[in-house]
Amino acid sequence: MKTAIVGGGAAGFFLAINLKEMMPEMEVTIFEKSKKVLAKVEVSGGGRCNCTNSFAGVCDLSVVYPRGHRLMKRLFKTFDYHDAYKWFERHGVRLMTQDDQCVFPESQDSHSIINCFLFEAKRHGVVIQTGSKIESLDDLKGYDYIAITTGGRTPGDRLLDDAKDHGPVPLIPSVPSLFTFSIADKALHALMGTVVEKATAFIPGTNFRATGPLLITHWGMSGPAILKLSSYAARELHEHHYQMPLSVNWASSKEPDIQEEIRGLIATCPQKQLTTIRPFGLPSRLWTYLLEKALGERARNRWQNLNQKELNRLTSTLCNDTYQIEGRAAFKDEFVTCGGVNLTSVNPNTLESKHLPHIYFAGEVLDIDGITGGFNFQAAWTTAYTVATAISKAH
């Protein structure tokens, strides 16, 4: 029995290793079009590889999986984040969980994951063919099972188009889903490096919003809050050519609470200058920037001289500071897409195509994607394990 895995990557290697553990007699070949394997794993998490998440506090999977959460909920009954954690530790990769619930190798080095995969693949006799671009299912004649684990679909992806010629394979167009925002505001750019530990970014007139750390960069805004928002609003942003308004609540508080906080400062620090007392623990440079944006020349005034009109403007700036998104920027070297194989076209228990027998899909090729924080890798582990189990039981 022979299985071909098209598209190495995280899902492909995880699938291959688990399939060989379940069926040692199965011949497994990974076809990787690039000359280097697991390159995306290497750069993920800033080179540390945020390989999963503890999911602590995640009550609804739709919050972390904007697309595919129902299928993930089903598949988690077989292989979830607890199982992934145990799998890596059992295979010699010690893990640690950060305060933000992101899980990394204890070594803080993505090569711990890569070396594990390469070692296990070699130990189990998995054949790895690099520089092999598979463009047609006809190229894989002689294989009993085919698992497609390619990344986000690109215009050069001919294999899925070829699969459509063999039978219905409904595809949802792929668009970027994790990226930072370009904002043409020189005064904002001057604050590059400023971090607000808890801000809420949202797109006015929609339900898209995300809360978390926010980083101001020399091109605009980044950080978990922005990356999550880009994931939630991926399709809408794409449809608007990444030209949409953006609002930020720098205090992540409601307007009445913000105004009450400011009134408290007026009462307790009347003689202090506005710039010297920062509400909500805002960074000094950002607070001065927001004061000048709201009050202009009166930003250097004292708290006791703040009139009602100015109080309202300052409150509005803190809870609804507006910008214009003028493009997207990739998050370092990482790239995640939404879209891919329509989930209605696969068996939800095995991820086998409903139309093409013995053709399976795992990883990012499916229309499943998560927010930043290890959720995309967890989707890769879960879907890959599901396919490995299905193939092992199909013969």
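Provided above is the structure to which this section pertains.
The rules behind the values
Residues numbered from 1 in each chain as written. Predicted model: local features only at pLDDT ≥ 70, side-chain atom pairs only at ≥ 80, totals over all residues. Heavy atoms only, no water. Helix = DSSP H or I, 4+ residues; strand = E, 2+ residues; numbered from the N terminus. Buried < 20%, exposed > 50% of the residue type's maximum accessible area, 1.4 Å probe, protein only. Salt bridge = Lys/Arg side-chain N within 4 Å of Asp/Glu carboxyl O. Pairing = 2+ DSSP bridges. Expected span 1.5 Å × (residues − 1). Phe/Tyr/Trp six-rings, centres within 6.5 Å; stacked < 30°, edge-to-face > 60°. Lys NZ or Arg CZ within 6 Å of the ring centre and 35° of its normal. Axes fitted to C-alpha atoms, helices over the stretch in contact; angles between N-to-C directions. Core = buried A, V, L, I, M, F, W, Y, C linked by side-chain atoms within 4.5 Å. Polar contact = N/O pair within 3.5 Å; in protein donor to acceptor, adjacent residues only side chain to side chain. Contact = heavy atoms within 4.5 Å. Left-handed = near helix turned anticlockwise from the far one by under 90°. Nonpolar A, V, L, I, M, F, W, Y, C, P; charged D, E, K, R; others polar.

**Student:** Give me unusual backbone geometry: which residues, what numbers.
**Tutor:** For Leu 38, which is not glycine, the phi dihedral falls at a positive 60 degrees. Along the chain, Leu 38 falls in the loop between strand S2 (27-32) and helix H2 (39-47). Overall, the relative accessible area of 3% leaves Leu 38 in the buried class. Its identity is not glycine, yet Tyr 242 carries a phi of approximately 55 degrees, on the positive side. On the secondary structure map, Tyr 242 appears in the loop between helix H9 (234-239) and strand S13 (245-249). On the basis of relative accessibility, which here comes to 9%, the residue Tyr 242 falls in the buried class.

**Student:** Now, about the pattern of salt bridges: what can you tell me, with residues and values included?
**Tutor:** Pairing is possible between side chains of opposite charge, provided their charged atoms come close. Under the criterion given, the structure shown has nine salt bridges. A salt bridge links Arg 94 to Glu 89; the shortest N-O distance between them is 3.7 Å. Looking at Glu 89, the relative accessible area reads 29%, which means it is partly exposed. Note that Glu 310 and Arg 298 form a salt bridge whose closest N and O atoms lie 2.1 Å from each other.

**Student:** Tell me about the sheet that holds strand S3 (residues 52-53), and name the residues and values.
**Tutor:** What the three strands build is an open sheet, ordered S3-S5-S4; its pairing is antiparallel. With one partner strand each, in any of the chains shown, S3 and strand S4 (95-97) form the two edges of the open sheet. Strand direction decides the pairing type here: S3 and strand S5 (residues 102-105), joined by two bridges, are antiparallel. Bridging across to S5, Asn 53 finds its partner in Cys 102.

**Student:** Outline helix H11 (residues 284-295), supporting the account with residue identities and numerical values.
**Tutor:** For H11, spanning twelve residues, the distance from its first C-alpha to its last is 16 Å, which sits close to the expected 16 Å at 1.5 Å a residue. Among all positions in H11, only Leu 286, Trp 287, Thr 288, Tyr 289, Leu 290, Leu 291, Ala 294 and Leu 295 are buried. A positive backbone phi angle near 65 degrees is found at Gly 296, which sits one or two residues after H11.

**Student:** I'd like to hear about the packing of aromatic side chains, residue by residue, with values.
**Tutor:** Counted by the stated rule, this structure contains 23 aromatic pairs. Here Phe 88 and Trp 381 contribute two aromatic rings whose centre-to-centre distance is 5.3 Å and whose plane-to-plane angle is 70 degrees, an arrangement assigned as edge-to-face. On the criterion of sequence distance, the pair formed by Phe 88 in helix H4 (residues 81-90) and Trp 381 in helix H13 (residues 375-394) is long-range, its members being 293 residues apart. Judged by its relative accessible area of 0%, Trp 381 is buried. Aromatic ring contacts, followed pair by pair, group Phe 13, Phe 14, Phe 79, Trp 87, Phe 88, Phe 117, Phe 377, Trp 381 and Tyr 385 into a single cluster. In this arrangement the basic side chain of Arg 48 is found over the ring face of Phe 104, its NZ or CZ atom lying 3.9 Å from the centre. It is Arg 209 that lies over the ring of Phe 202; its NZ or CZ is 4.5 Å from the centre.

**Student:** Describe in detail the sheet that holds strand S1 (residues 2-6), supporting the description with residues and values.
**Tutor:** Read across the open sheet, the five strands follow the order S6-S2-S1-S7-S17; overall the sheet is parallel. Of all the strands in the sheet, just strand S6 (127-130) and strand S17 (359-361) have a single pairing partner and so form its edges. Mean inter-strand twist for the sheet, computed between neighbouring axes without regard to direction, equals 20 degrees. The sheet contact formed by S2 and S6 spans four bridges and is parallel. When the sheet's bridge partners are listed, Glu 32 is paired in S6 with Thr 130.

**Student:** Tell me about the nonpolar core, and please be specific about residues and values.
**Tutor:** With 124 residues, the main nonpolar core has Tyr 65, Phe 117, Met 221, Leu 246, Trp 250, Phe 361 and Trp 381 as its most contacted residues. By residue number, the principal contributor to this core is H13, which donates ten residues.

**Student:** I'd like to hear about the side chain of Asp 369, residue by residue, with values.
**Tutor:** In this structure, Asp 369 sits in the loop between S17 and H13. Its relative accessible area of 0% is what places Asp 369 among the buried residues. Within the structure, the side chain of Asp 369 is placed 3.4 Å from the side chain of Ser 177, a separation counted as a polar contact. The contact partners of Asp 369, leaving out residues within four places of it in the chain, are Val 64, Tyr 65, Pro 66, Arg 67, Ser 177, Ser 231, Val 336, Thr 337, Cys 338 and Asn 376.

**Student:** For the packing of helix H1 (residues 9-22) against helix H5 (residues 111-123), give the residues involved together with the corresponding values.
**Tutor:** Close contact between H1 and H5 brings their axes to 10 Å; oriented N to C, the two are set at 35 degrees. The way H1 lies across H5 gives a crossing that is left-handed. Contacts between H1 and H5 involve Ala 10, Phe 13, Phe 14, Ile 17 and Glu 21 from the former and Phe 117, Leu 118, Glu 120, Ala 121 and Arg 123 from the latter. Looking at side-chain class alone, the contact of H1 with H5 contains seven nonpolar, no polar and three charged residues.

**Student:** Pulling in residues and values, what's your account of the side chain of Gln 378?
**Tutor:** With respect to the secondary-structure elements, Gln 378 resides in helix H13. Given the relative accessible area of 0%, Gln 378 is considered buried.

**Student:** I'd love a proper account of the pairing of strand S16 (residues 337-341), names of residues and values included.
**Tutor:** Of all five residues making up S16, five are buried, and the element is well covered by its neighbours. Looking at chain direction, strand S8 (residues 171-176) and S16 are connected through four bridges and run antiparallel. Looking at the pairing, Pro 176 lines up with Thr 337 of S16.

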